[in-house]
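Residue strings, one per chain:
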Amino acid sequence: MSAFARMTAALRSDVASGFLLIALGAFALIWANSPLSASYEAVRSLTFGPAALHLDLPLHVWASDGLLAVFFFIVGNELKQEIRHGELRNPRRAAVPIVAALGGVLVPAVVFLAINVTDPEAVRGWGIPMATDIAFALAVLAVVGRHLPGSLRTFLLTLATVDDMCAVAVIAVFYAKGLSWLALAAAVAGLAVFGYLQNGRGRLARWLLTRTPGWLVYGILAVVIWAFAHASGVHATISAVAMGLLMRTKARAGETVGPSQRAEHALRPVAAGVALPVFALMSTGISVGGVEGIWSSTITWGILIGLVGGKLVGILGGAWLTARLTSAHLDPRLAWADIAGIAVLGGIGFTVALFVTELSYTRTEALTDAKAAILLASTISALVAAIVLTARSRHHRVAAGGDTKSP
């Protein structure tokens, strides 16, 4: 096996990609707070792209909206496989993480509003603690949860995807300025074409896909859909989730595997080796200078308590009430302690939280308080979740008959 083949095989492992993501996130934080911080901002602000299409974007936007779309496509694609063939085939089981996600959106927002209700400026940031950063959450789970049931990862995928969709809807309705309905309609039309081609039963679809390489057709179409979604004013990565959910999972005559599995095999190393590392490098370099007064700010406490406490209460409470009051239920391999670890992990909020911060505030002090609180809350959530999930991973390993001293 060549060195390149070994590298791509390693990048298909959640553990390897998780370590890489966390390491580059830490490096970015150090870089942004070092004497070389000006060079970090210069790299993040490097702007390129076709201006005629309004795509002359800074590098950090290309990372969070563009490259990260590859990762979100894989997330949507993996969810489609689970819906069709895996854990989420059972609606009663799928309902638990979906309602948990809604609780994880609602409770943090209510907490923030309760703490900041008397301050008209601060209250504008009520959407900040709603969203979970799925990339970092999955990275932490992969690093510390090697022996956890696979259904727990599916729970987190479903939870974080629904969470992100809710956050994007809130941004579109309450924060977005100048939402372009024409561009949004064009993106939806592109998704309809994508789904039609995936189904591949129409005469036009068969004609096109037999005369043109599939990767070229879908690649061009995906870029067009992404560009229209970006132009519409919504977070463009949602279009990538939608494309993933439209993938065909079953193989047909002449195929060894379906296009869903082929796409994941090809794109996962790209997401793990390029998209996620560049995203981590460009998004986590938050300057902590001038944060001495953050503890007197209600914005700080609203975000901190909303992400660390509100996510725990909302996710765990939503899941428990759903299982208790309805016919929905958890996977039998999971315990409520496992869900508690995932609920704490939900307090990691980087990309969308920082995006909503920029939409909410213009005053430097408010921006500093909010960004510092997001960083602190995400760090606390990651560390506490790592402790809980490590203990749960050890429990599952012992329950499965493994050696407690084995790595």
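Residues numbered from 1 in each chain as written. Predicted model: local features only at pLDDT ≥ 70, side-chain atom pairs only at ≥ 80, totals over all residues. Heavy atoms only, no water.

(A) Up close: the overall build of the chain. Counting its secondary structure elements, the chain contains 16 helices and two strands. Computed over C-alpha atoms, the radius of gyration of the chain comes to 21 Å, within 12% of the 22 Å expected from 2.2 N^0.38 for 407 residues, which places it in the range of a compact globule. Each principal axis of the C-alpha atoms in the chain carries an extent, and together these give about 65 × 60 × 45 Å. Restricting the contact set of the chain to residue pairs at least 6 apart, pairs at least 24 apart contribute 79%. One finds the centroid of the 30 positive side-chain charges in the chain at a distance of 14 Å from the centroid of its 21 negative side-chain charges. (Helix = DSSP H or I, 4+ residues; strand = E, 2+ residues; numbered from the N terminus. Rg over C-alpha atoms; globule rule 2.2 N^0.38 Å. Contact = heavy atoms within 4.5 Å. Lys, Arg positive; Asp, Glu negative; His and termini not counted. Charge placed at Lys NZ, Arg CZ, Asp CG, Glu CD.)

(B) Broad picture of the packing of aromatic side chains. Overall, the coordinates contain 10 aromatic pairs when judged by the stated rule. Between Trp62 and Trp226, the aromatic rings sit 5.7 Å apart at their centres with planes inclined by 20°, giving stacked as the arrangement. You can see Trp62 sitting in helix 4 (residues 59-85) and its partner Trp226 sitting in helix 10 (residues 214-232), a full 164 residues away along the chain. The exposure classification of Trp62 matches that of Trp226, with both residues buried. When the centroid spacing of 5.7 Å and the interplanar angle of 80° are considered together, the rings of Phe71 and Phe72 count as edge-to-face. Using a relative accessible area of 8% as the deciding quantity, one classes Phe71 as buried. Among the aromatic residues, those joined into a ring-pair cluster are Phe27, Trp31 and Tyr40. (Phe/Tyr/Trp six-rings, centres within 6.5 Å; stacked < 30°, edge-to-face > 60°. Buried < 20%, exposed > 50% of the residue type's maximum accessible area, 1.4 Å probe, protein only.)

(C) Local environment of the nonpolar core. Ranked by internal contacts, the top residues of the largest apolar core, which has 101 residues, are Phe71, Ile303 and Leu345. Among residues more than four places away in sequence, those in contact with Leu345 are Thr132, Ala137, Val140, Leu141, Leu156, Ala385 and Leu389. (Core = buried A, V, L, I, M, F, W, Y, C linked by side-chain atoms within 4.5 Å.)

(D) Seen up close, unusual backbone geometry. The backbone of His54 shows a phi angle near 60°, a positive value even though the residue is not glycine. Inspection of the secondary structure puts His54 in the loop between strand 1 (47-48) and strand 2 (57-58).

(E) Representation of the environment of His235. Positionally, His235 belongs in the loop between helix 10 and helix 11 (237-245). Residue class for His235 comes out buried when judged on its relative accessible area of 9%. For the pair His235 and Ala172, spaced 63 residues apart in the sequence, the C-alpha separation amounts to 8.6 Å. Beyond its immediate sequence surroundings of up to four residues, His235 is in contact with Ser64, Asp65, Val168 and Phe355.

(F) Quick peek at the packing of helix 8 (residues 181-199) against helix 10. One way to put it is that helix 8 packs onto helix 10 with a least axis distance of 7 Å and a crossing angle of 155°. As judged from the angle between their axes, helix 8 and helix 10 are roughly antiparallel. The hand of the helix 8/helix 10 crossing is left-handed. Between helix 8 and helix 10, the residues in contact are Ala183, Leu184, Ala186, Ala187, Gly190, Leu191, Val193, Phe194, Leu197 and Gln198 and Val217, Tyr218, Leu221, Ile225, Phe228, Ala229, Ala231 and Ser232, respectively. For the contact of helix 8 with helix 10, a count of residues per class yields 15 nonpolar, three polar and no charged. (Axes fitted to C-alpha atoms, helices over the stretch in contact; angles between N-to-C directions. Parallel < 35°, antiparallel > 145°, perpendicular 65-115°, else oblique. Left-handed = near helix turned anticlockwise from the far one by under 90°. Nonpolar A, V, L, I, M, F, W, Y, C, P; charged D, E, K, R; others polar.)

(G) Spotlight on the pattern of salt bridges. Applying the stated criterion across every chain yields a total of 11 salt bridges. What you see here is one network of salt bridges that share partners, running through Glu78, Arg153, Glu264 and Arg268. (Salt bridge = Lys/Arg side-chain N within 4 Å of Asp/Glu carboxyl O.)

(H) The arrangement of the packing of helix 4 against helix 12 (residues 259-283) in detail. Relative orientation of the contacting elements helix 4 and helix 12 amounts to 145°, with a least axis distance of 8 Å. In this structure, helix 4 crosses over helix 12, and the sense of that crossing is left-handed. Partitioning the contact of helix 4 with helix 12 into residue classes produces 18 nonpolar, six polar and three charged.

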